[in-house]
Structure formats: C-alpha cells, structure tokens
Amino acid sequence: MPSAFIKAAEPFACGGAAATFASCVIHPMDLAKVRMQLYGQLNPGKKIPGFTTILSNMVKNDGIGSVYKGVDAAIGRQLVYGTARIGLHRTFSDKLVQMNDGKPINFAVKTLSGMASGSIAVCIGTPFDIALVRLQSDSMAAPQDRRNYKNVFDALVRTTKEEGFSALYKGLGPNVLRGMSMNVGMLACYDQAKEMVAKLFNDPMENGPSLSTQIGSSAVAGFTAALFSLPFDLIKSRLMAQKPNPETGLLPYKGIVDCAMKIVQSEGPMGFFAGFSAYYGRCAPHAMIILLSIESITQAYRNAFY
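Everything quoted here is computed from the prediction, not taken from an experiment.

Conventions adopted
- Residues numbered from 1 in each chain as written.
- Predicted model: local features only at pLDDT ≥ 70, side-chain atom pairs only at ≥ 80, totals over all residues.
- Heavy atoms only, no water.
- Phe/Tyr/Trp six-rings, centres within 6.5 Å; stacked < 30°, edge-to-face > 60°.
- Helix = DSSP H or I, 4+ residues; strand = E, 2+ residues; numbered from the N terminus.
- Buried < 20%, exposed > 50% of the residue type's maximum accessible area, 1.4 Å probe, protein only.
- Contact = heavy atoms within 4.5 Å.
- Core = buried A, V, L, I, M, F, W, Y, C linked by side-chain atoms within 4.5 Å.
- Expected span 1.5 Å × (residues − 1).
- Bend = angle between axes of the 7 residues up to and from the residue.
- Polar contact = N/O pair within 3.5 Å; in protein donor to acceptor, adjacent residues only side chain to side chain.

**Things to note about the packing of aromatic side chains**
And step 1. Counting across every chain of the model gives 5 aromatic pairs.
And step 2. Plain terms: the ring middles of Phe223 and Tyr280 are 6.1 Å apart, the flat faces sit at 70° to each other, and that makes the pair edge-to-face. Residue Phe223 is found in helix α7 (residues 211-241), and its partner Tyr280 is found in helix α9 (residues 276-305); the two are separated by 57 residues along the sequence.
And step 3. Overall, Tyr280 belongs to the partly exposed group, its relative accessible area being 33%.
And step 4. Among the aromatic side chains, those forming a connected cluster through ring pairs are Phe223, Phe273, Phe276 and Tyr280.

**Quick word on the side chain of His27**
And step 1. Among the structural elements, His27 can be located in helix α1 (residues 4-42).
And step 2. Contacts of His27, omitting those with residues within four sequence positions, involve Val67, Tyr68, Lys69, Gly70, Val71, Ala74, Leu132 and Gln136.

**Regarding the nonpolar core**
And step 1. Counting 29 residues, the largest nonpolar core has Ile86, Met182, Met186, Tyr279, Ile290 and Leu291 as its most contacted members.
And step 2. Residues in contact with Ile86, not counting those within four places in the same chain, are Pro11, Gly15, Ala19, Leu187, Ile290 and Ile294.
And step 3. Core analysis: the next-biggest nonpolar cluster, separate from the first, contains 10 residues, Ala74, Ala131, Leu135 and Ala155 among them.

**Quick notes on helix α4 (residues 107-137)**
And step 1. For α4, which comprises 31 residues, the first-to-last C-alpha distance of 37 Å sits more than 12% below the rise-based estimate of 45 Å (1.5 Å per residue).
And step 2. At Gly125, α4 is bent by approximately 60°, the largest bend along its length, and proline Pro127 sits one to four residues beyond.
And step 3. Put simply, Asn106 is the residue that caps the front of α4, since its side-chain oxygen is 3.2 Å from the backbone nitrogen of Ala108.

Shown next as structure tokens:
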C-alpha cells in the first residue's frame, strides 16, 4: 500500500509533469499569442498580424531559437502554477466526491473547485508569469527601451531590484480572474464533458476513460478554456508588460477597469479577443496534451510507487 504522502502527492506530481510537457510543446504559439495581444497597444490603428506571420518574421529576423524565447520562465511557471492548479483541483474534487458519498458532483460544485484552485495557484505562480510575459515581449520594444533580461532568474531579480517586490505581482487581479476562468473552462468543463462523452460512446470508464472519451472531452475543454479566459489574459498581458511614459512617468493603465475601458475605446469590444486564433491554437493543444498525457503519467506514477 502506498503511503499517505505518495497518494496525496499524486495529482500534484502528475499534473505538474503534464503541464510542463505541454508548455514546452506549445511555447512558440504562446509567444505569438502574447505578441498579438501587445501589438494593438504598441501599434494603435494597425492591423494585428496573424500568429504564423509573427513567428515567421521572428525566425527570419532573429533565428529559429527566438521562438523559444522565455521557455525557461514557462517551465518555471508550470512547475509552480501548473502543479498547484491541477493538483489542487483534483484534490478538492476528490474530497468533494468523498463528501458526496462517492457520487459524481454537479457542474456548479466542479466550477467552485476550479475557481478556488485556480485563484490559489495564480497567487503562487504570478512572479514567473511576469517574467514570462516580459521575456516574450521584450524584443517588440525599441532597442533603447528593451530590458534585455538574460533568463528567468535575471528577470525576477532585476524586476525586484528596479521596481520593488510588488512589481512581481503586477496584474495579479486579472491574472486571478484568468486563472479562475481557465480552470473552470479546462478542468471543470473537462470533468463534465468526460461524463457526457462517456455516455455518448457507451464508455463505462471502469479502468479510466477510453481514448475516444479523452480526446472528445479534452477537445471541448480546450475550446471552453480559450473562450472563458482570453479577455482576462489580454488585460493581464498588457498590465504586466506596461512601462512608465518616459516624459510623464505615468503607466498607460491605472488598473483592471481602466485597462478594459481603454481597450474598448481604442479597439472596440472585439479587442478583448485580439489574438484569439493564436490563443485558441495555444489553449486547445495545451489543454489536450495535459488532459491526454496526465492519464498515462498517472498510470506510470502508480506503477512506480503503488
């Protein structure tokens, strides 16, 4: 029999491993997504290019390695944020099922579990998110305005020294909202979709969901995760990447509401969905890779430790 620690660590270890693997695979799309989101701020009035155009221009100008700029921050972020949000959601969900006499919990309860685990994980992982956004967006600035961070640790140390510790939590508000909406869209919707897809395919799920059930439910979760979280992700990216005006010393945005209002005024309501193609191209594969690989990783974990 496995120890209590081995059993408690399972959702965290397996969730973190799956999230880190997925982030390494889709990092170029995540990089393009951030640049598309910031393009409207840096180039007002200009048409936002597609993510394939952004990536091809990066390869042309800076080489193939440029599409993995900031991957160390992405890995660090998932080791902290990804581990916490998936591990906490599974832990909360399992406990809620146990409290419900072993019966499946309804979608409202799954949503509360996703929101709680997502918000806690964001509070833990936001410094790495700050470093990731800055590393990904730095080369978009004029040469004289670039921060030129060497790596994720240099970004974290310099941000603290130059702007204070609180700068590591810049954009925390929209990041919490994004984390909550992402967890509901990805994990809560996956759990709900899995039950519905299993019924559709007559899958008893006695030894876990079948491959067809996993693919169908993870595809649904990828779409809902992107749809629910993109507006908050956009605001988060802009708040995290903003710099003081060199003449006035003022930041472009005062907070979440001010940023949202300025996006509506300058780009219209659809501005909140700027970069949706890249974001969906990032969210759907990311969610599917996590949700498909986590079943295999969990089985390997149990074979090794149980």
